[in-house]
Amino acid sequence: MPDQYKKKKKGPKPRGVSNRNKGIQWIRKNAKSGVLYFADDDNTYDLQLFDEIRYTKRVSMFPVGLITKLGVSSPIVKNGIFSGFYDGWMAGRKFPVDMAGFAISVKFLLKRPKALMPFKPGFEEDGFLKSLEPFEPQDIELLASNCTKILVWHTQTKKNEPSQALDFAKYNNTNLVMLKQILV
Ligand SMILES: *[C@@H]1O[C@H](CO)[C@@H](O)[C@H](O)[C@H]1NC(C)=O
C-alpha cells in the first residue's frame, strides 16, 4: 500500500490494490492468452470454477457465496439472460460484484491498455471493471449453470446470521430462486 493511503486515519483503506495492479502489469508484459482471476486466501473454491473460467472470452461472472446479509452476490439471470446484479452493497456501483465473482480473458485485457484497479476502498471491482470499457453488463458471460450454482465462497471463521429472505415476488423466474435453495 502506498504511504499516502497507509497514513490515512479515518475510514477504510484501499487494501490489495497495489499487488493486483502489479499482477496486471506482469500479465501485460508476459502473457498473450489465458484468463485472469483475482484469487484470495479467504476464498474457498470448487475446482469446477477453474474448468469454467478457462473458456472466458471477455469477462465472465458467477455467484459468490457468504457475502453480506444476502448470503450471496450474483448476477441476476432470467431465461439465460443477464438482468441485473444482486448484492448486499449496491452503493451506486455499475458493477456491484465481489472480487472473487469475475474472470477476464487476457486477450480482452491486452486490448485495453489503460485498465487498472483504482485506490478507492469499496469500489476496486467496480472501478476496474469500468476501466475495461468498451465493456457493458450485457457483455458478461454467465457461468455456473446460468449462475444457479455457487463455486466460490468468501469464508470467515465466525458465526453468520441466516441469509436475508428473498423477495420471491420480485425475483420469481430468476436464478436467485435456485441460489436461495442452497443458502442457509
Ligand atoms: C441458460 O439458460 C438458457 C435459457 O433457459 C438455456 O438455453 C441454456 O442452456 C442455459 N445454460 C446453461 C449452461 O445451463
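Residues numbered from 1 in each chain as written. Predicted model: local features only at pLDDT ≥ 70, side-chain atom pairs only at ≥ 80, totals over all residues. Heavy atoms only, no water.

J.: Which parts of the structure should I look at to understand the site of the ligand?
T.: In the vicinity of the ligand, the contacting residues are Asn79, Gly80 and Asn146. Note that an oxygen atom of the ligand is positioned 2.3 Å from one of the side-chain N or O atoms of Asn146. Coverage of the ligand by the protein amounts to 31% of the 360 Å² it exposes when considered alone. (Near = heavy atom within 4 Å. Polar contact = N/O pair within 3.5 Å; in protein donor to acceptor, adjacent residues only side chain to side chain. Areas by Shrake-Rupley, 256 points an atom, 1.4 Å probe, with all protein chains shown as cover.)

J.: Quick question: what am I supposed to make of helix H8 (residues 175–182) here?
T.: Every buried residue belonging to H8 is among Asn175, Leu176, Leu179 and Lys180, and all of these are buried. One side of H8 carries all its buried residues, which in axial view fall inside an arc of 135°. Next to the buried residues of H8 lie strand S5 (72–78), strand S6 (81–86), helix H6 (144–147) and helix H7 (168–171). (Buried < 20%, exposed > 50% of the residue type's maximum accessible area, 1.4 Å probe, protein only. Helix = DSSP H or I, 4+ residues; strand = E, 2+ residues; numbered from the N terminus. Arc of directions from axis to C-beta. Contact = heavy atoms within 4.5 Å.)

J.: I would appreciate a short explanation of the UniProt feature "binding site: Mn(2+)" (unreviewed entry) in the protein chain in the present structure.
T.: In this numbering, the UniProt entry assigns the feature "binding site: Mn(2+)" (unreviewed entry) to Asp42. Checked against the element boundaries, Asp42 lands in the loop between strand S1 (35–37) and strand S2 (43–45). Among residues more than four places away in sequence, those in contact with Asp42 are Trp153, His154 and Thr155. In this structure the side chain of Asp42 is engaged in a polar contact, spanning 3.4 Å, whose partner is the side chain of His154. (UniProt positions renumbered as here; feature names shortened; annotations may be inferred.)

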